[in-house]
Amino acid sequence: MVEVIPSGEVLGARVIGLDLSQPLSDRALGIVLRALADHAVLCFPGQRLDAGAQVAFSRRFGELEVHVSGAFQDPAHPEVMTLSNITENGRPIGLADAGQDWHTDMSFSRMIAFVNVLYALKVPRRDGKALGNTEFASMTAAYEALPPELKTRLAGLTATHDFEKFWEMMRRRKGAATPRAPLTEEQRRKKPPVSHPMVMKHPISGRRILYANPGYTMRVDGLPQDESDALLEYLFDHQVRPEFIYAHRWTEGDVLVWDNLQTLHNAVDDYGPDEPRLIKRCQAMANLVFEPGFARLAGGAAG
Ligand code: OGA
Ligand code: MN
C-alpha cells in the first residue's frame, strides 16, 4: 500500500510503500502525481537505485534532459548526473556547487522542467546534524499572497529568462567550488533567452503559480527597464518570504522528487570539502505534464 504523509508545512510529503527500483504502475504514478500537485516536494526514503532504475523511474514524468555541462555523467546513462564535492585522485567526481542560490531549473528553456529526481548516497554531517539541505519556496502560496491588483497586472505579462544570469552570478562568486569560464558565443547561441508567462495554471492542481525566479528571470517583457527592475525586485523578495519556505534535510537513501512548476529551490552551502555529499540527479521536462491524458492519471486535470 502506498502512503502519502504530508509534512504539515507549506510544502513536502513522504511517500512510503514504493520500491522505486521496480517498474511503477500507472496507478502508483497517479498517486505520486496527485501528491506532487498537492505537496510539490516528495521524499521517498530508504531507496536503492542504480543509474538504469533512476532513469526508468524519472522517465515516467517526462523526457529527460542531459545536463548542459556535459560533465559528470554516468557513462552508460548520460541522463544521470553526479552532484558532489568529493574528489578522487585530485579530480572532482561531480558538480560541486549546483543550485546554490534561489532558482527554478530549466526556466531558461523553451520546454520548461517538470520534476527533478535526486537520489542521495552521501549526506554531509557535523556533530550528527545533516548539512546541505535543499530549500524550496512555494510559488502557489507566493501567488496567493500577492495583492489582488498585482495578480491582475501579472496575468497578462511574460518575462524573459536567461541561462547566463545564474552562470554569471556563480562565476563572480568568490571561491566558487567549480570554476566557470564566460559562456562562449556558441553556448549562448544554444541557450537563447526565452519568454514565459509570469502566471501559469498548474496542469494537475489547476491552481495559479507565480512563474519567475531570481536565478534566471532577467526582465518583464514590454515594460520600461526601471519598471521591470522594480517589479522583479519586489517579486524576488516576496517569493522567499519565510512562510513559503520548506527545507528538506537529507538522509542517505532518500529519493527527492520536486515539482519545478510550482517551486523555487536553493542548495544550502553550509558544509566543507571534508564533509562529503554525493547525489545522483535526473531532470524530467514538462512535455508530458501538459498533456490532458497525463494529468488524468492523477485523478483528472482540474479544468
Ligand atoms: C539541482 C539543484 C540542489 C541540491 O539539482 O537542480 O539545484 O541541493 N540541486 O543539490
Ligand atoms: Mn536546481
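Before reading further, recall that the structure is shown in the block above.
Calculation notes
- Residues numbered from 1 in each chain as written.
- Chains lettered and ligands numbered in written order.
- Predicted model: local features only at pLDDT ≥ 70, side-chain atom pairs only at ≥ 80, totals over all residues.
- Heavy atoms only, no water.
- Near = heavy atom within 4 Å.
- Polar contact = N/O pair within 3.5 Å; in protein donor to acceptor, adjacent residues only side chain to side chain.
- Areas by Shrake-Rupley, 256 points an atom, 1.4 Å probe, with all protein chains shown as cover.
- 1 Å grid on protein atoms, 1.4 Å probe; cavity = no way out; pocket = protein on both sides within 12 Å on 5 of 7 lines; lining within 4 Å.
- Sits in = over half its atoms within 2 Å of the grid points.
- Helix = DSSP H or I, 4+ residues; strand = E, 2+ residues; numbered from the N terminus.
- Nonpolar A, V, L, I, M, F, W, Y, C, P; charged D, E, K, R; others polar.
- Pairing = 2+ DSSP bridges.
- Axes fitted to C-alpha atoms, helices over the stretch in contact; angles between N-to-C directions.
- Points joined across faces, edges and corners; volume = space filled by probe spheres on them.
- Contact = heavy atoms within 4.5 Å.
- Buried < 20%, exposed > 50% of the residue type's maximum accessible area, 1.4 Å probe, protein only.

Trainee: What am I meant to see in the site of ligand 1 here?
Mentor: Around ligand 1 sit Leu-83, Gly-99, His-103, Asp-105, Asn-116, Leu-118, Thr-134, His-265, Ala-267, Arg-277 and Arg-281, and those are all the residues in its vicinity. Interatomic distance of 3.3 Å between a side-chain N/O atom of His-103 and an oxygen atom of ligand 1. Between ligand 1 and the protein, one listed contact pairs an oxygen atom with a side-chain N or O atom of Thr-134 at 2.6 Å. Look at ligand 1: alone it shows 290 Å² of surface, and the protein chains cover 98% of it. Spatially, ligand 1 is embedded in the largest pocket. When contributions to the shell around ligand 1 are tallied by element, the ones reaching two or more residues are β7 (113-122) and β18 (263-267). The class makeup of the residues in the shell around ligand 1 is three nonpolar, five polar and three charged.

Trainee: In this structure, what is going on with the sheet that holds strand β11 (residues 158-161)? I would like to understand it.
Mentor: Where strands meet in a sheet, backbone hydrogen bonds hold them as pairs that are either parallel or antiparallel. With respect to topology, three strands assemble into an open sheet ordered β12-β11-β15, the strand pairing being antiparallel. The open sheet has two edge strands, β12 (194-197) and β15 (217-220), and neither has a second partner. Across the sheet, the mean angle separating the axes of adjacent strands is 35° when strand polarity is ignored.

Trainee: Help me out: how do you make sense of empty space enclosed by the protein in this one?
Mentor: With a probe scaled to a water molecule rolled over the atoms, the places where space remains empty come into view. On inspection of all chains with the given rule, the structure shows two cavities of 30 Å³ or more. Considered as a void within the structure, the largest cavity measures approximately 70 Å³ in volume. Around the largest cavity, the lining residues are Leu-83, Ser-84, Asn-85, Leu-95, Ala-96, Asp-97, Ala-98, Gln-100, Ala-267, Tyr-271 and Arg-277. Across the lining of the largest cavity, the residue classes tally to six nonpolar, three polar and two charged. Approximately 40 Å³ is the volume attributed to the second largest cavity. Every residue lining the second largest cavity is listed: Thr-104, Met-139, Leu-210, Tyr-211, Ala-212, Asn-213, Asn-260, Leu-261, Thr-263 and Leu-264.

Trainee: I would appreciate a short explanation of the sheet that holds strand β17 (residues 255-259) in the present structure.
Mentor: Pairing within the open sheet is mixed, and its seven strands lie in the order β1-β2-β3-β17-β7-β19-β4. Lying at the two open borders of the sheet, with one neighbouring strand each, are β1 (3-6) and β4 (81-84). Pairs of neighbouring strands in the sheet enclose a mean axial angle of 25°, with direction left out of account. Bridge count for β1 against strand β2 (residues 13-16) is four bridges, and the pairing is antiparallel. Following the sheet pairing, Val-4 is matched in β2 by Val-15. On top of the sheet, helix α1 (residues 26-39) reaches β1, β2, β3 (41-44), β7 and β17; it is set at about 130° to β3, its chief contact. Sheet strands touched by helix α2 (residues 51-59): β3, β7, β17 and β19 (278-285). Its angle to β19, the strand with the most contacts, is close to 30°.

Trainee: So what exactly am I meant to see when it comes to the side chain of Ser-138 here?
Mentor: By the element assignment, Ser-138 lies in strand β10 (residues 134-138). When its relative accessible area of 4% is taken as the criterion, Ser-138 is described as buried. Not counting residues up to four positions away in its chain, the partners in contact with Ser-138 are Val-10, Leu-11, Phe-244 and Gln-262.

Trainee: Looking at this model, I keep getting lost on the pairing of β11. Mind explaining?
Mentor: Along any regular strand the residues' side chains alternate between the sheet's two faces. Where β11 meets β12, four bridges bridge the pair, whose relative direction is antiparallel. Residue pairing across strands places Thr-160 opposite Ser-195, the latter belonging to β12. Strand direction decides the pairing type here: β11 and β15, joined by three bridges, are antiparallel. Looking across to β15, one finds that Thr-160 is bridged to Arg-219.

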